[in-house]
Amino acid sequence: MDYQFKQIEQQWQKFWAENETFKVEVDVNKPKYYVLDMFPYPSGAGLHVGHPLGYIASDIFARYKRLKGFNVLHPMGYDSFGLPAEQYAIQTGQHPAKTTETNINRYRQQLDNLGFSFDWSKEVRTSSPDYYKWTQWIFMQLFNSWYNLDTNQAEHISTLIEKLETIPAQEINAVCDEDVQHLLPSDWSTLSGEEKQAELLKYRLTYLRESTVNWCAALGTVLANDEVKDGFSERGGFPVEQKKMMQWSMRISAYAERLLQGLNHIDWPEPLKEMQRNWIGKSVGAMVKFSLIPNPSPKEKGAQENTKLGYETANSPFWDLLKENSKENRKNATDAELVLWQKLRDSQTGFKIRRQHVIEGFIADFVCLSKGLVIEVDGGYHSKTEALEYDKQRTEFLNQAGFEVIRFSNEEVINQTDKVVSDIKEKLERLTSKSGAPSPLERAGGEAIEVFTTRVDTIYGVSFLVIAPEHELVAQITTPAQQADIDAYIAQTKKKSELDRMADTKTVSGAFTGSYALNPLDGTKVPVWIADYVLAGYGTGAVMAVPSGDQRDYLFAKHFNLPIIQILDAQQIEEQADPTKEGKYINSGVINGLGYKEASVKIVEELKEVGMGYGKINYRMRDAIFGRQRYWGEPVPVYFKPARSAGGNGLPYLIDESELPLLLPEVDKYLPTESGEPPLARAKDWKYKDEYEYELSTMPGWAGSSWYWYRYMDAKNDLAFADEKAISYWKDVDLYIGGSEHATGHLLYSRFWNKFLKDLGHVTEEEPFKKLINQGMIQGRSNFVYRINDAEGKGTNSFVSNGLKSEYQTTALHVDVNIVVNDILDIDKFKASREEYANAEFILENAKYICGTEVEKMSKSKFNVISPDDLVERYGADTLRMYEMFLGPLEQSKPWNTNGIEGVFKFLRKFWRLFHDENWNFTVSDAEPTKAELKSLHKIIKKVEDDVERFSFNTSVSSFMIAVNELTDLKCKNRAILQDLVVTLSSYAPHICEELWVLLGNKAGTLSYAAYPTFNPAHLVENEFNYPVSINGKTKTNVNLPLSMEVAEVEKYILESEIITKYLDGKAPKKIIVVKGRIINIVA
RNA sequence: GCUGAAAUGGUGGAACUGGUAGACACGCAGGACUUAAAAUCCUGUUCCCGUUAAGGGAGUGCGGGUUCGAUUCCCGCUUUCAGUACCA
């Protein structure tokens, strides 16, 4: 029978599924190999021809490794939480679980069609409760952990508590928030349970903190940095703005150095590693303090105690917002305030308390300045999210200014006045014990500007400082004379959108604060400016400007007429800044005459000595925001206590481990509530212990994908995310194939979680993915027809072939690539495709309509989507698998072009024919293989081994063609040869090979675990070689010589041969180069 | 701007440590089979000169260099793609 791919492929796919041919178990007697694909997000569009590229490559590799005797784990699953399903749910009202299920079924069918050797018994879906139970569990471990820099690993939070109980907090070497309190063990012991929780949150590896987030209003959620591209959301392309919000974050910054170092030990593409290095953004430099020349002086600053002056200097950027909020929010609170004031006034508590006092732009209800305590009475507006936000923002600000804040609700003050007063008293008394702490006003003052620099050697070239307009010191250091300038500049900066600020890097702008700072080494007085080229979010939000060495500083100095100081003798600074480090220092105090290296060391020493600086490493990478205000994601296993109804501000607590999974509740709509809360706020009666609010955000898309490769090892386990035995056997992923679009998202977060799980002893390897390959993107290749326009430019019903279109006025229209073959339009199908084309006329060239082409993204709107299903239908899965590999190197991006698939199909047919006679009867012989046959076979055995090991799949396909062409020419029907060839080809074209394997008399299903044929180099040994002979490197002729001839003999032969007479007119050559078995080159 | 990758016939691409550039496949042209078409098979196919043939010349983005010999190594440039962006 002729090659019946359809029947063969269906039969074998069924066989593999029914017999679970590819199911694997832990087997300590066999070496393991873990081949992983980046699992797909099951979208409604289904797979296009680009998706399986990586899956085919990994499948070939997995099958090859099985033949080589490895125990191969090759699983597949679905990253099934995420935005598109939810957007679809919003539009149609269908539950995302339902559409996701439908999409997964379609994906599964498409994957099955291609004959992959996945072990489907290990399938995972991130949206299934028995999977996300463990995502939540890992979240809980993170919450219960802190990062100890002494041991350089994550530890359980209990070891932190032990430390807080025994040593001052300042001596704990932890990665934590900047605003941790400098507690002594005695302070810690007096804190209430709630206060302790609040403090611990600043150390936990996942924590709740107010941070600046990327808010996408159109999607109604925050986005991670890697989900934002050029100020727009990666999914959907909606605008993204910066906004302050209370958010869950992951303290990935704790792992910055390990994430960076780990890159040196893994086999990943260099560009990918480079991207991660850039993202982590390590810079080695120094922190340097520039003392502010008191302006206003500390004495004058003391005058801020005066309400009036304090109010006047309260010009923080938030001022307008504050004024409005405080007015509105306070209207109804006067009763409670009055009650409390009667109990606090005239030092009744033993401490001087002031009412309605302004601190740094905030009006505090009550404040005790000497103890640094602010007492706030909150009204009923409390339940509004905005107000909550505002309260948090204010608390943080006051904390930074050195004040503690306690809050009471109106109800508390009115109904339990005495308890409130005694609470305040108790608090005030406790605060007295902190005698050594700086006074709030001292702390609020800020007597120095701290900068981060990578060129500490240029410190003598500093001619001014620049701080970000958002910098907290701006308000304080601005002199009255400069106030107007600064206000105007801040207003102007705020108006600029993030995008404008990024785009416009040419315009120099800034404003002088009126204040000066002192260079810590030579005492030079330098002015302090603000400018938006300094970013608040990086380093300290302040830079020391060295115009001679930094181009931005140079332009700034030129623009505002500030001095430019040359600091190296080799520096060329007439036209622009010169950042080079060559030469000896001049104008540079203690480092004059030194070179870069010694100078840098010396400066840091000097700074340390005067206590004004120290060496420091900075990372660009920020902590990752870990919450989305969306429905379709993992619920965060956290509730807030005290409950809102009890008037508390609610601190986060974990639910009990035994209560996992915390199921995603049902909601009536997948939209935010009217008050702007996330969709989960719609869930009815969804409260922890019927009392406490749950967290309403869900986890981001990357949560489930950050550990999924472990679940595959033991996918059904109820007791752990995977059994210890499975983890210690499979260890890590040996080969990971996927797109480079995950470079800074998934691949960074996965490495982070892996390191964390290792620190806690749950897994064994520091890096999860030993070897990684990026498959290239497959672009679309669009076809066009050219409609002729009439004199008025209106479209007619005539179409002109591509080659003749220049003679007409035409409009190019996309035409469905599925009715075009080799760029020739199928005119009948075109006419049938739309009613308006039924009577279309065509101007042809060579009796054909040739379409134009262009490379574009593969998308429905461009009519260039090729579905693998169609190609499988027409040519079979084996042909498609081989053709996708044949297209070119796996890593390279290329446009899809179906032209050429015929060649692969013809090859498989020719291969099939090797086993059959002219009448398609299966025929093989048991004769001794000939030398030529063995040579062909062993060439391909070697070639495939080499190619697969270096992931060069395209070259193997060509070599298979050559082998089959050769064996066809040799009329080879030899069983021994053909059977080995079947094994060799089976990882590429498994269906046809299974069929032939059985026809050859082997047991069905055993091919997958057969042994790869052993390469015998003896079969490739030749006696003779046809030497190319070149004159001066240009090949002229060939000469056939025995390989036994030594170099000298060959030379002698050449000298005496007619080649010399023919090409050199008999003249003696200058030199003859002979490389045995390679070439002969005659130098004339 | 910076970082990284790449550039070879009409097309996809091959040439692994410097050693016959264009394997393999598509497309195209010619031929066989056929009443005809499709399918299949055979031959040719880097470009230029040479009517054919023999033969000669050029040639791996561009310009140089190293070497007996360079698609491969070195220097400079151009273009394309990707990432990143005032990171101090």
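Structure's up top.
A short tour of the structure in this document, coming up. The model shown is predicted, which means the values in this text are computed figures rather than measured ones.

Some words on the protein's contact with RNA strand B
Working step 1: In the vicinity of RNA strand B lie 49 residues, with T453, T454, Y538, R552 and L887 positioned nearest.
Working step 2: Between RNA strand B and R552, the relevant distance is 2.5 Å, taken from a sugar or linking oxygen to a side-chain nitrogen or oxygen of the residue.
Working step 3: In the model, a base oxygen of RNA strand B is placed 2.7 Å from a nitrogen or oxygen of the N1081 side chain.
Working step 4: Tallying contributions element by element places helix 33 (residues 953-969) first for the surface near RNA strand B, with six residues.
Working step 5: Here the residues of the surface near RNA strand B sort into 18 nonpolar, 17 polar and 14 charged.

A closer look at the sheet that holds strand 28 (residues 772-774)
For sheets, the rule is that strands pair by backbone hydrogen bonds, running either parallel or antiparallel.
Working step 1: Pairing is parallel across the open sheet formed by four strands, whose spatial order is 2-1-27-28. Bordering the open sheet on either side are strand 2 (71-73) and strand 28, each of which pairs with just one other strand. For this sheet, the mean angle separating the axes of adjacent strands, direction not counted, is 15°.
Working step 2: By the bridge criterion, three bridges tie strand 1 (residues 32-37) to strand 27 (residues 735-738) in an arrangement that is parallel. What sits directly across from L36, in strand 27, is Y736.
Working step 3: Along the sheet, helix 2 (residues 52-67) contacts strand 1, strand 2 and strand 27; its crossing angle with strand 1, the most-contacted strand, is approximately 170°.

A short note on the layout of surface pockets
Working step 1: Its volume calculated, the second largest pocket comes out at about 390 Å³.
Working step 2: If you trace the second largest pocket, you find 24 residues lining it, with V817, V820, V821, T898 and N899 closest to the centre.
Working step 3: Elements that contribute at least two residues to the lining of the second largest pocket include exactly strand 29 (778-789), strand 32 (820-821), helix 29 (868-875) and helix 31 (901-914).
Working step 4: Ranked by the residues each element gives to the lining of the second largest pocket, the list is headed by helix 29, at three residues.
Working step 5: Looking at the lining of the second largest pocket residue by residue, the classes come out as 10 nonpolar, eight polar and six charged.

With respect to empty space enclosed by the protein
Working step 1: This structure, assessed with the given rule, holds four cavities of 30 Å³ or more.
Working step 2: Of the pockets and cavities examined, the second largest cavity occupies roughly 60 Å³.
Working step 3: Taken together, R63, L67, S986, S987, P990, E994, L1007 and S1008 form the lining of the second largest cavity.
Working step 4: Of all the secondary-structure elements, those providing two or more residues to the lining of the second largest cavity are helix 2 and helix 35 (990-999).
Working step 5: Class assignment for the residues of the lining of the second largest cavity results in three nonpolar, three polar and two charged.

Quick notes on the packing of helix 34 (residues 975-985) against helix 35
Working step 1: Contact geometry for helix 34 and helix 35: axes closest at 9 Å, N-to-C directions at 150°. Here helix 35 runs roughly antiparallel to helix 34, going by the angle between their axes. The interaxial crossing formed by helix 34 with helix 35 has left-handed handedness. On the side of helix 34, the interface is formed by Q979, V982, V983 and L985, while helix 35 contributes C993, L996 and W997.

Overview of helix 23 (residues 596-609)
Think of an α-helix as 3.6 residues a turn; residues three or four steps apart then line up on the same face.
Working step 1: Given a rise of 1.5 Å per residue, 14 residues ought to cover 20 Å, and the 20 Å separating the end C-alpha atoms of helix 23 matches this to within 8%.
Working step 2: Buried residues of helix 23: A599, S600, I603, V604 and L607, and no others. For helix 23, the arc enclosing every buried residue in end-on projection is 130°, short of the 170-degree limit, so these residues lie on one face. Residues of helix 23 that are exposed and point over 90 degrees away from its buried face: K597, K608 and E609.
Working step 3: Phi for G611, located one or two positions after helix 23, is positive at around 70°.

So, the packing of aromatic side chains
Working step 1: One pass over the structure, following the stated rule, counts 66 aromatic pairs.
Working step 2: Relative to W707, the ring of Y131 lies with its centre 4.6 Å away and its plane at 20°, an arrangement referred to as stacked. Here W707 lies in the loop between helix 24 (702-705) and helix 25 (708-711) and Y131 lies in helix 5 (residues 129-143), a separation of 576 residues in the sequence. The residues Y131 and W707 share a single accessibility class, namely buried.
Working step 3: Every member of this aromatic cluster is reached through a ring pair, and the members are F39, Y131, W134, W137, W707, Y708, W709, Y710, Y712, F721, Y736 and F769.
Working step 4: Residue placement shows R251 over the ring face of Y207; its charged tip is 4.0 Å from the ring centre.
Working step 5: The ring of Y653 has K641 sitting right over it, with the charged end atom 5.0 Å from the ring centre.

Some points on the pattern of salt bridges
Working step 1: Throughout the structure, instances matching the rule amount to 48 salt bridges.
Working step 2: As a salt-bridge pair, E659 and K689 come within 3.7 Å of each other at their nearest N and O atoms. Residue E659 is found in the loop between strand 24 (651-654) and strand 25 (687-688), and its partner K689 is found in the loop between strand 25 and strand 26 (692-694); the two are separated by 30 residues along the sequence.
Working step 3: Residue classification places K689 among the exposed positions, given a relative accessible area of 58%.
Working step 4: Residue R834 pairs with E836 through a salt bridge whose shortest N-O separation is 3.1 Å.
Working step 5: E836 gets classed as partly exposed once you look at its relative accessible area, which sits at 48%.
Working step 6: Where salt bridges share partners, they join R258, R751, K755, K758, D759, E766 and E767 into one cluster.

A look at the side chain of S697
Working step 1: You can see S697 is positioned in the loop between strand 26 and helix 24.
Working step 2: The class for S697 is buried, based on a relative accessible area of 8%.
Working step 3: Among the polar contacts listed, one links the side chain of S697 to the side chain of Q629, at a separation of 3.3 Å.
Working step 4: Residue contacts for S697: discarding those within four places in its chain leaves G627, R628, Q629, V636, P678 and L680.

Some points on the sheet that holds strand 10 (residues 241-250)
Working step 1: If you walk across this open sheet you meet the four strands as 7-6-10-22, and the pairing is antiparallel. One side of each edge strand has no neighbouring strand; the edge strands of this open sheet are strand 7 (221-223) and strand 22 (624-625).
Working step 2: Of the strands in this sheet, strand 6 (206-216) and strand 10 are in contact with helix 5, which crosses strand 10 at around 90°.

Thoughts on a nonpolar patch on the surface
Working step 1: Taken together, the side chains of I1073, V1075 and I1079 present a nonpolar region at the surface, about 190 Å² in accessible area.
Working step 2: Its location among the elements puts I1073 in strand 39 (residues 1071-1075).

Focus: the nonpolar core
Working step 1: F721, W753, M882, F911, F953 and Y988 are the most contacted members of the largest nonpolar core, which totals 185 residues.
Working step 2: Residues contacting Y988, with those up to four places away along its chain left out, are I60, R881, M882, V944, V948, F953, S956, V957 and F960.
Working step 3: In terms of nonpolar packing, the next biggest core, distinct from the first, is built from 46 residues, A286, V451, L568 and I603 among them.

Focus: the packing of helix 30 (residues 877-886) against helix 31
Helices that pack against each other are described as a pair by the angle of their axes relative to one another and the distance between those axes.
Working step 1: Orientation of helix 30 relative to helix 31, taken along the N-to-C sense of each, is 125°, at an axis distance of 9 Å. Regarding the angle of helix 30 to helix 31, the classification is oblique. Pair helix 30 / helix 31 crosses with right-handed handedness. Judged by residue contacts, D878, T879, L880, M882, Y883 and F886 of helix 30 engage I901, V904, F905, F907 and L908 from helix 31.
Working step 2: In the contact of helix 30 with helix 31, the residues fall into nine nonpolar, one polar and one charged.

Calculation notes
- Residues numbered from 1 in each chain as written.
- Chains lettered and ligands numbered in written order.
- Predicted model: local features only at pLDDT ≥ 70, side-chain atom pairs only at ≥ 80, totals over all residues.
- Heavy atoms only, no water.
- Near = heavy atom within 4 Å.
- Polar contact = N/O pair within 3.5 Å; in protein donor to acceptor, adjacent residues only side chain to side chain.
- Helix = DSSP H or I, 4+ residues; strand = E, 2+ residues; numbered from the N terminus.
- Nonpolar A, V, L, I, M, F, W, Y, C, P; charged D, E, K, R; others polar.
- Pairing = 2+ DSSP bridges.
- Axes fitted to C-alpha atoms, helices over the stretch in contact; angles between N-to-C directions.
- Contact = heavy atoms within 4.5 Å.
- 1 Å grid on protein atoms, 1.4 Å probe; cavity = no way out; pocket = protein on both sides within 12 Å on 5 of 7 lines; lining within 4 Å.
- Points joined across faces, edges and corners; volume = space filled by probe spheres on them.
- Parallel < 35°, antiparallel > 145°, perpendicular 65-115°, else oblique.
- Left-handed = near helix turned anticlockwise from the far one by under 90°.
- Expected span 1.5 Å × (residues − 1).
- Buried < 20%, exposed > 50% of the residue type's maximum accessible area, 1.4 Å probe, protein only.
- Arc of directions from axis to C-beta.
- Phe/Tyr/Trp six-rings, centres within 6.5 Å; stacked < 30°, edge-to-face > 60°.
- Lys NZ or Arg CZ within 6 Å of the ring centre and 35° of its normal.
- Salt bridge = Lys/Arg side-chain N within 4 Å of Asp/Glu carboxyl O.
- Patch = residues over 30% accessible without salt bridge, like charges linked within 9 Å, V, L, I, M, F, W, Y side chains within 5 Å.
- Areas by Shrake-Rupley, 256 points an atom, 1.4 Å probe, with all protein chains shown as cover.
- Core = buried A, V, L, I, M, F, W, Y, C linked by side-chain atoms within 4.5 Å.

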